[in-house]
Amino acid sequence: MKILYNLKISVAIFMLVIGSFAAIGTISSQIIMNDMKNVRETNELLVLSNLAVKLSNFLHESQKERGMTGVFVGSKGEKMKAEMENQRSVTDKTKQEMLDFVKSMDESVYSKEFNGMLDSFLADAAKSSEHRSAVSSLSIERGPAIGYYTKLNAKMIELVGQMANMSHDPEVALSIVAYSNVMKGKEYTGIERATAAGGFSAGTFTPAEVARVQELIAAQNAYKGVFLAYASDEQK
């Protein structure tokens, strides 16, 4: 009987030990899974942050090309022709760097919405040669001439803004929101300059263009306010 009693105690202790190891194993697995998830999210955000840099570089050069295009078309081809053609080469360089980086990305890890936005942007970016031909031949009006770049740039900024929705870290998300609003403010400044430069080169402003410039200035101030509301002290 004593042997049986000792055996029962041994079995009970064994079961407790096994249960403890099972619980530890479950907790350890959860910790490891969470760590792996955090690593994946960090890696995904790192890729997106690099994409944001490539997009920002392309955006900057696209904005300059838009301004020169506005002057060229507004002056009926008399001004900024050489500068515009040189700028196109610079824009193409940053565009190719962006495209090469996109090719290296694994789109399967990102949301359907983000990939759809990316594909839409790339489709518009692929139309640049056709648009430039229309500009060079002066077969396009000033508004549509700069409007192509404005639409393209807006899609770049929207892509960066969408990255905020893909971060589970509130601080990172707020930083992305702040950065995208800086890009928006800068973009509205570029549109203002392109619109104004086109009017000056043409020697006249339509009432619609005057109103547009006023709207753009107001939008710049609005996005600056949003940036200051969300930006960290380091970003300010």
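Residues numbered from 1 in each chain as written. Predicted model: local features only at pLDDT ≥ 70, side-chain atom pairs only at ≥ 80, totals over all residues. Heavy atoms only, no water.

Participant: What am I meant to see in helix α2 (residues 81-104) here?
Facilitator: Three- or four-residue spacings in an α-helix give side chains the same orientation, since the helix completes a turn every 3.6 residues. The end-to-end C-alpha distance of α2, which contains 24 residues, comes to 35 Å, matching closely the 34 Å that a straight helix rising 1.5 Å per residue would cover. Among the residues making up α2, those that are buried are Met84, Gln87, Arg88, Thr91, Thr94, Lys95, Met98, Phe101 and Val102. (Helix = DSSP H or I, 4+ residues; strand = E, 2+ residues; numbered from the N terminus. Expected span 1.5 Å × (residues − 1). Buried < 20%, exposed > 50% of the residue type's maximum accessible area, 1.4 Å probe, protein only.)

Participant: Can you walk me through the pattern of salt bridges in this structure?
Facilitator: Where charged atoms of side chains with opposite charge meet at close range, the side chains can pair. By the definition in use, this model includes seven salt bridges. Arg66 is paired through a salt bridge with Glu187; the nearest N and O atoms lie 2.5 Å apart. With Arg66 in helix α1 (residues 2-74) and Glu187 in helix α6 (residues 170-202), the pair connects residues that are 121 residues apart, well separated along the chain. Each member of the pair, Arg66 as well as Glu187, is classed as buried. As a salt-bridge pair, Asp124 and Lys155 come within 2.8 Å of each other at their nearest N and O atoms. With Asp124 in helix α3 (residues 112-125) and Lys155 in helix α5 (residues 142-162), this pair connects stretches of sequence that are 31 residues apart. One salt-bridge network, held together by shared partners, links Asp124, Lys127, Lys151 and Lys155. (Salt bridge = Lys/Arg side-chain N within 4 Å of Asp/Glu carboxyl O.)

Participant: Please clarify how the environment of Leu174 should be interpreted in this entry.
Facilitator: Relative to the elements of secondary structure, Leu174 occurs in helix α6. Residue class for Leu174 comes out partly exposed when judged on its relative accessible area of 39%.

Participant: Please clarify how the packing of α2 against α3 should be interpreted in this entry.
Facilitator: A pair of packed helices can be characterised by two numbers: the angle between their axes and the separation between those axes. Viewed as axis vectors pointing N to C, α2 and α3 meet at an angle of 145°, and their least axial separation amounts to 13 Å. When you trace α2 past α3, the crossing you get is left-handed. Together, Lys95, Met98, Leu99 and Val102 of α2 and Leu118, Phe121, Leu122 and Ala125 of α3 make up the contact between the two elements. Counted by class, the contact of α2 with α3 contains seven nonpolar, no polar and one charged residues. (Axes fitted to C-alpha atoms, helices over the stretch in contact; angles between N-to-C directions. Left-handed = near helix turned anticlockwise from the far one by under 90°. Contact = heavy atoms within 4.5 Å. Nonpolar A, V, L, I, M, F, W, Y, C, P; charged D, E, K, R; others polar.)

Participant: What should I look at first to understand the packing of helix α4 (residues 128-136) against α5 in this one?
Facilitator: Two numbers describe how α4 lies on α5: the axes approach to 10 Å, and their chain directions differ by 160°. Between α4 and α5, the angle falls in the class roughly antiparallel. In the crossing of α4 with α5, the sense of the turn from one axis to the other is left-handed. Counted together, Ser128, His131, Arg132 and Val135 of α4 and Pro144, Ala145, Tyr148 and Tyr149 of α5 form the full contact between these two elements. Residue composition of the contact of α4 with α5, by class: five nonpolar, two polar and one charged. (Parallel < 35°, antiparallel > 145°, perpendicular 65-115°, else oblique.)

Participant: When you look at the environment of Glu158 in this model, what are you seeing that I'm missing?
Facilitator: Inspection of the secondary structure puts Glu158 in helix α5. With a relative accessible area of 47%, Glu158 lands in the partly exposed category. Between the alpha carbons of Glu158 and Phe121 there is a distance of 9.6 Å; along the sequence they are 37 residues apart.

Participant: Help me understand the packing of aromatic side chains in this model?
Facilitator: For the coordinates displayed, the defined rule picks out three aromatic pairs. Ring geometry for Tyr110 versus Phe114: centroids 5.8 Å apart, planes at 50°, classification tilted. Note on Tyr110: relative accessible area 8%, which makes it buried. Looking at Phe114, the relative accessible area reads 0%, which means it is buried. (Phe/Tyr/Trp six-rings, centres within 6.5 Å; stacked < 30°, edge-to-face > 60°.)

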